[in-house]
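Coordinate analysis (summary)
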Amino acid sequence: MKHKIIILAITFSLLSCNKDDVYTSIPETYPAVQAEFGNSIDLNNLANYANQTIPAYITKDNGGLNPISNKGATLGRVLFYDKKMSINNSISCSSCHKQDLAFGDNSVASTGVNGTTGRHSMRLINTRFSGESKFFWDERATSLETQTTMPIRDHGEMGFSGTNGDLSFNDLITKLSAINYYKELFKFVYGTEEITETKIQFALAQFIRSIQSFDSKYDVGRATAPNDGAPFNNFTAQENQGKNLFLTPPTFNATGVRIAGGLGCAGCHRAPEFDIDPNSRNNGIIGRISGIGGIDVTNTRAPSLRDLVRIDGTPNGQMMHTGGINTLQTAIGHYGTINIAAGNNNLDPRLMPGGIGQQLNLTATEVNAVISFLRTLSGTDVYTNAKWSTPFN
């Protein structure tokens, strides 16, 4: 009888307890997620997105209204790589933003479901660490959250436009709601299987903001330097010269020719994040991708200069919104001689001292030094880290 009383007492205790108090050590099962993703996603042992190491000298953060969580970024990773996000299951966000290219593209114009993009796809490295909170080259998206679903809603890119005979975004939600792994993932993240555009936006933005690169030679040097301008002990003389040229404003004569100082790159691309100054205007490139007529003067944003190239100098795809520049030497050369094109009423005033297009009067030694410095801004982890890779088998 004594043993029966003990067993009954234990049974009553289990029934009356909150299940989380009793089963905390027993992992929950997510059969659809397991079947689709195997070992690449374990919802009981999530990758670290929320608490990554960020250097103390990095102070800009545009993600405060949507802080990164491991759950949200995991869902965002699936959405980012899922071709079911396009109307014909052929295109995902990762089709235009490739991990092995620092989440950029090596095509001048990226391929969509109904043609190609009108501008070169921008790299997504360190999107979180920028004073500029608007997105796209022309800043038409007021936040990263807004930006994430605009390509999905675009007729040419992913096709759920609701125009031109396309299905609508609500049709995409219906499509995703019928997929078992999304039922599990949205319930896991948000507590309910209900899918909304806002939930999609928040998860995608968390994943994109989690993509960070702070393992560069620059970061090693900056960690022990008192400021950006001080010589870095781990830099070569050429790299320190290039850093100084990058950071130091130029001095011009009355005809717009540099007579002293550096190149002033940091006036728009601000160290140590190397993000674009939100007040920047057009950089002098007003063309469009081949085949599209007219001029394009509304391009005022740019991605971080981190991982613009790999450590060995290999470019991570083409540069500028036109994709018309392929090397660092050509990019620097563009700024070396600014010609004010007819119709460009939006040129950044920092590029036209006294109203005249700047002439930096660069030497080969200076160009090579700045190239050497820009290569120090590249790391290695972002290209191979599994938590930013495709979760699909």
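It should be emphasised that the depicted structure is a prediction, and the values quoted were computed from it without experimental measurement.

A word on the overall build of the protein chain. Of the regular secondary structure elements, the protein chain holds 13 helices and six strands. Principal axes of the C-alpha set define a box for the protein chain whose edges measure 105 × 55 × 30 Å. Classification of the 393 residues of the protein chain by burial places 51% in the buried group. For the protein chain, the proportion of contacts with a sequence separation of at least 24, taken over those separated by at least 6, is 65%.

Applying the stated criterion to the full structure yields 21 aromatic pairs. Ring centres 5.4 Å apart and planes at 50 degrees place the aromatic pair Tyr-218 and Phe-232 in the tilted group. Taken together, the residues Tyr-218 in helix H10 (residues 217-222) and Phe-232 in the loop between H10 and helix H11 (237-247) connect sequence positions 14 residues apart. Grouping residues by exposure puts Tyr-218 and Phe-232 together as buried. Sitting over the face of the ring of Phe-135, Arg-301 holds its NZ or CZ atom 4.5 Å from the ring centroid.

Attention now moves to the packing of H11 against helix H13 (residues 364-375). Packed helices, taken two at a time, are described by the angle their axes make and the gap between the axes. Interaxial distance between H11 and H13 falls to 7 Å at its minimum, and their mutual angle equals 95 degrees. The orientation of H11 with respect to H13, classified from their angle, is roughly perpendicular. For the pair formed by H11 and H13, the contact residues are Gln-238, Glu-239, Gln-241, Gly-242, Lys-243, Leu-245 and Phe-246 on the first element and Thr-365, Glu-366, Asn-368, Ala-369, Val-370, Ser-372, Phe-373 and Leu-374 on the second. Classifying every residue of the contact of H11 with H13 by side-chain character gives six nonpolar, six polar and three charged.

Our focus in this paragraph is helix H4 (residues 70-81). With 12 residues, H4 ought to run about 16 Å at 1.5 Å a step, and its terminal C-alpha atoms sit 17 Å apart, in line with that. Summarising burial for H4: 10 of the 12 residues are buried, a large majority. Within H4, the full set of buried residues consists of Gly-72, Ala-73, Thr-74, Leu-75, Gly-76, Arg-77, Val-78, Leu-79, Phe-80 and Tyr-81. Where H4 is buried, its residues contact helix H3 (31-37), helix H5 (93-96), helix H7 (169-177), helix H8 (180-190) and helix H9 (197-210).

Relative to the helices and strands, Asp-348 resides in the loop between helix H12 (328-336) and H13. A polar contact of 2.9 Å, which involves the side chain of Asp-348, links it to the side chain of Arg-350. Dropping the residues within four chain positions of it, Asp-348 is found in contact with Cys-268, Asn-279, Ser-280, Arg-281 and Asn-282.

With that settled, consider the pairing of strand E4 (residues 258-261). Sheet topology note: the strand E3 (residues 250-252)/E4 ladder contains three bridges and is antiparallel. Note on E4: the bridge partner recorded for Phe-252 is Arg-258.

Turning next to the confidence of the model for the protein chain. Low-confidence regions, as indicated by low pLDDT, have predicted coordinates that should not be scrutinised in detail. Across the protein chain, the average pLDDT comes to 93, with 93% of residues at or above 70. Note that pLDDT drops below 50 for residues 1-25; the model gives that stretch three contacts with residues more than four away or on any other chain.

A general feature of soluble globular proteins is that nonpolar side chains tend to end up buried together. Core analysis: the largest hydrophobic core is formed by 52 residues, its most contacted members being Tyr-181 and Tyr-182. Secondary-structure elements contributing two or more residues to this core are H3, H4, H7, H8 and H9. Those residues within four positions of Tyr-181 in sequence are excluded, and the remaining contacts are Ala-32, Val-33, Glu-36, Phe-37, Val-78, Asp-82, Lys-84 and Phe-392. Within the second largest apolar cluster, 28 residues are counted, among which are Tyr-218, Val-309, Leu-360 and Phe-373.

The next subject is the side chain of Thr-117. For Thr-117, the location among the structural elements is in the loop between strand E2 (115-116) and helix H6 (144-149). Residue Thr-117 is classed as buried on the basis of its relative accessible area of 9%. Looking at Thr-117, its side chain comes within polar contact range of the main-chain nitrogen of Ser-110, at 2.9 Å. For Thr-117, the side chain forms a polar contact with the main-chain oxygen of Arg-119, separated by 2.9 Å. Look past the residues within four positions of Thr-117 in its chain and what remains in contact with it is Ala-109, Ser-110, Glu-157 and Ile-289.

What follows is about unusual backbone geometry. That bond from Ala-271 to Pro-272 is cis: its omega, 0 degrees, falls within 30 degrees of zero. Along the chain, the position of Pro-272 falls in the loop between strand E5 (269-270) and strand E6 (275-276). Within the chain, Asn-164 stands out as a residue other than glycine whose phi angle is a positive 55 degrees. Its place among the elements puts Asn-164 in the loop between H6 and H7. With phi around 75 degrees, Met-320 is a residue other than glycine that occupies positive phi space. Following the sequence through the fold, Met-320 ends up in the loop between E6 and H12. For Met-320, a relative accessible area of 14% gives the class buried.

For the largest pocket, the calculated volume is near 840 Å³. Every residue lining the largest pocket is counted, 46 residues in all, and those nearest its centre are His-269, Asn-283, Leu-305, Met-320 and Tyr-335. Those elements that provide at least two residues to the lining of the largest pocket are E3, H12 and H13. Ranked by residue count, the leading element in the lining of the largest pocket is H12, at four residues. When grouped by side-chain class, the residues that make up the lining of the largest pocket number 24 nonpolar, 16 polar and six charged. Space inside the second largest pocket adds up to approximately 630 Å³. As for the second largest pocket, its lining consists of 40 residues, of which His-97, Met-122, Phe-136, Gln-147 and Pro-151 are closest to the centre. For the lining of the second largest pocket, the secondary structure elements donating two or more residues are H5, strand E1 (111-112) and H6. Sort the elements by how many residues they give to the lining of the second largest pocket and H6 lands first, with three residues. Partitioned by chemical class, the residues of the lining of the second largest pocket number 17 nonpolar, 16 polar and seven charged.

Cut-offs applied
- Residues numbered from 1 in each chain as written.
- Predicted model: local features only at pLDDT ≥ 70, side-chain atom pairs only at ≥ 80, totals over all residues.
- Heavy atoms only, no water.
- Helix = DSSP H or I, 4+ residues; strand = E, 2+ residues; numbered from the N terminus.
- Buried < 20%, exposed > 50% of the residue type's maximum accessible area, 1.4 Å probe, protein only.
- Contact = heavy atoms within 4.5 Å.
- Phe/Tyr/Trp six-rings, centres within 6.5 Å; stacked < 30°, edge-to-face > 60°.
- Lys NZ or Arg CZ within 6 Å of the ring centre and 35° of its normal.
- Axes fitted to C-alpha atoms, helices over the stretch in contact; angles between N-to-C directions.
- Parallel < 35°, antiparallel > 145°, perpendicular 65-115°, else oblique.
- Nonpolar A, V, L, I, M, F, W, Y, C, P; charged D, E, K, R; others polar.
- Expected span 1.5 Å × (residues − 1).
- Polar contact = N/O pair within 3.5 Å; in protein donor to acceptor, adjacent residues only side chain to side chain.
- Pairing = 2+ DSSP bridges.
- pLDDT = per-residue confidence, 0-100.
- Core = buried A, V, L, I, M, F, W, Y, C linked by side-chain atoms within 4.5 Å.
- 1 Å grid on protein atoms, 1.4 Å probe; cavity = no way out; pocket = protein on both sides within 12 Å on 5 of 7 lines; lining within 4 Å.
- Points joined across faces, edges and corners; volume = space filled by probe spheres on them.

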